[in-house]
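Chain residues, written in single-letter form:
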Amino acid sequence: MERVPILKIGPTLFVSIQIDLQDESVLALQEDLAERLVATGAHGVIIDITAVEIVDSFIGRMLTVIGSISRLFDAETVIVGMRPAVAITLTELGLSLSGVRTALNAEKGLEILNGKS
Amino acid sequence: MDELPVRSGDDVVRVRQHVRNAAAAGGLSLVDQTKLVTAASELARNTLVYGGGGVARVEAVKSPAGRSGVKLEFTDEGPGIPDIDLALTDGWTSGSGLGLGLSGARRLVDEFELTSKPGEGTSVTVVKWSRLTSRCLPRPRATSAGCG
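Residues numbered from 1 in each chain as written. Chains lettered and ligands numbered in written order. Predicted model: local features only at pLDDT ≥ 70, side-chain atom pairs only at ≥ 80, totals over all residues.

**Q** Quick question: what am I supposed to make of the overall build of chain A here?
**A** If you tally the helices and strands in chain A, you get four helices and five strands. Ordered by position from the N terminus, the helices and strands of chain A form the series β-β-α-β-α-β-α-β-α. The C-alpha radius of gyration computed for chain A amounts to 13 Å, which stays within 12% of the reference 13 Å derived for 117 residues, consistent with globular compactness. When its C-alpha atoms are laid out on the principal axes, chain A stretches across 35 × 35 × 20 Å. A burial count over chain A gives 38% of its 117 residues as buried. Here the contacts in chain A between residues at least 6 apart in sequence split such that 75% fall between residues at least 24 apart. (Helix = DSSP H or I, 4+ residues; strand = E, 2+ residues; numbered from the N terminus. Rg over C-alpha atoms; globule rule 2.2 N^0.38 Å. Buried ≥ 20, exposed ≤ 12 C-beta atoms within 10 Å, placed from the backbone. Contact = placed C-beta atoms within 7 Å.)

**Q** How should I be thinking about the nonpolar core in this particular structure?
**A** A general tendency of soluble globular proteins is for nonpolar side chains to be buried together. Judged by nonpolar contacts, the single largest core of 58 residues is most densely connected at Val15(A), Leu36(B), Ala40(B) and Ala44(B). At seven residues, the largest contribution of residues to this core is made by helix 2 (residues 30-49) of chain B. Not counting chain neighbours up to four residues away, the residues in contact with Ala40(B) comprise Val15(B), Arg16(B), Val19(B) and Leu72(B). (Core = buried A, V, L, I, M, F, W, Y, C linked by C-beta atoms within 7 Å.)

**Q** Is there a simple way to think about the interface of chain A and chain B in this case?
**A** Accessible area lost on assembly of the parts is the figure often given for the size of an interface. Contacts between chain A and chain B engage 18 residues on the former and 24 residues on the latter. Secondary structure elements with two or more residues in the side of chain A that touches chain B: helix 1 (23-40), helix 2 (57-72) and helix 3 (84-93) of chain A. If you tally residues by element for the side of chain A that touches chain B, the top one is helix 3 of chain A, at six residues. Classifying every residue of the side of chain A that touches chain B gives seven nonpolar, four polar and seven charged. (Nonpolar A, V, L, I, M, F, W, Y, C, P; charged D, E, K, R; others polar.)

**Q** Before we go on, may I ask you to explain the pairing of strand 3 (residues 67-76) of chain B in this structure?
**A** Residue and element names in this part refer to chain B. Of the strand pairs in this sheet, strand 2 (residues 54-62) and strand 3 are connected by nine bridges, and their pairing is antiparallel. Across the sheet, residue Ala-60 finds its bridge partner in strand 3, namely Val-70. The hairpin turn running from strand 2 into strand 3, its antiparallel successor, is four residues long, and Gly-66 in that turn takes a positive phi close to 95°. (Pairing = 2+ DSSP bridges.)

Here you go:
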């Protein structure tokens, strides 16, 4: 199983998913992220899914769960870079990713976390 | 027709990649490729988690009208589904999921058939058709009018 790396940049944790996600990798990311939030006291998480070709119901649910967990550690999560085809498919699947914020790209995601919008 | 095992999380990823290639080769648009691969991911997970593993078959098909498409079949020899109508209801789940797997996969494809017998296993067959007829598939220097 491949793991998704988590980078700390200032007060923000940055996760860029560059692998073909299997369920175990998503579960590992959830645990790793919770640990890093506690260890760093970060106040924001950016999850970049530019390279993610599909988000199915499991991955979508896990993204929502990651948002909820982060909130318990006083951090806000922004999902950035969703492909148009993924957005269309997610909606048809019946998932809205309620509870997490989204932004077009990492730059706009950072603006949200920095309170500029 | 290609047959792939569905026995692990790695296998699910391989099935997705295989379906992606077949969908692109079948002339499906990027959105339709994404829908089919997402449906494949849901169905492969069901085969693995609820069916205890099985096989996925991926096949290029052609409609009588000349449209190309991709047919997927997921088969397991697991416990089967006692109430198919219930299993296809949005939000109903026998496990810990959201209950969008089967019903969501059905919405993402053009044809959907589920057969299941308690104690004998489950088979799900889906087809996604290209919205272009074969003469409209991209060709070098093709300028045919009327083909989206």
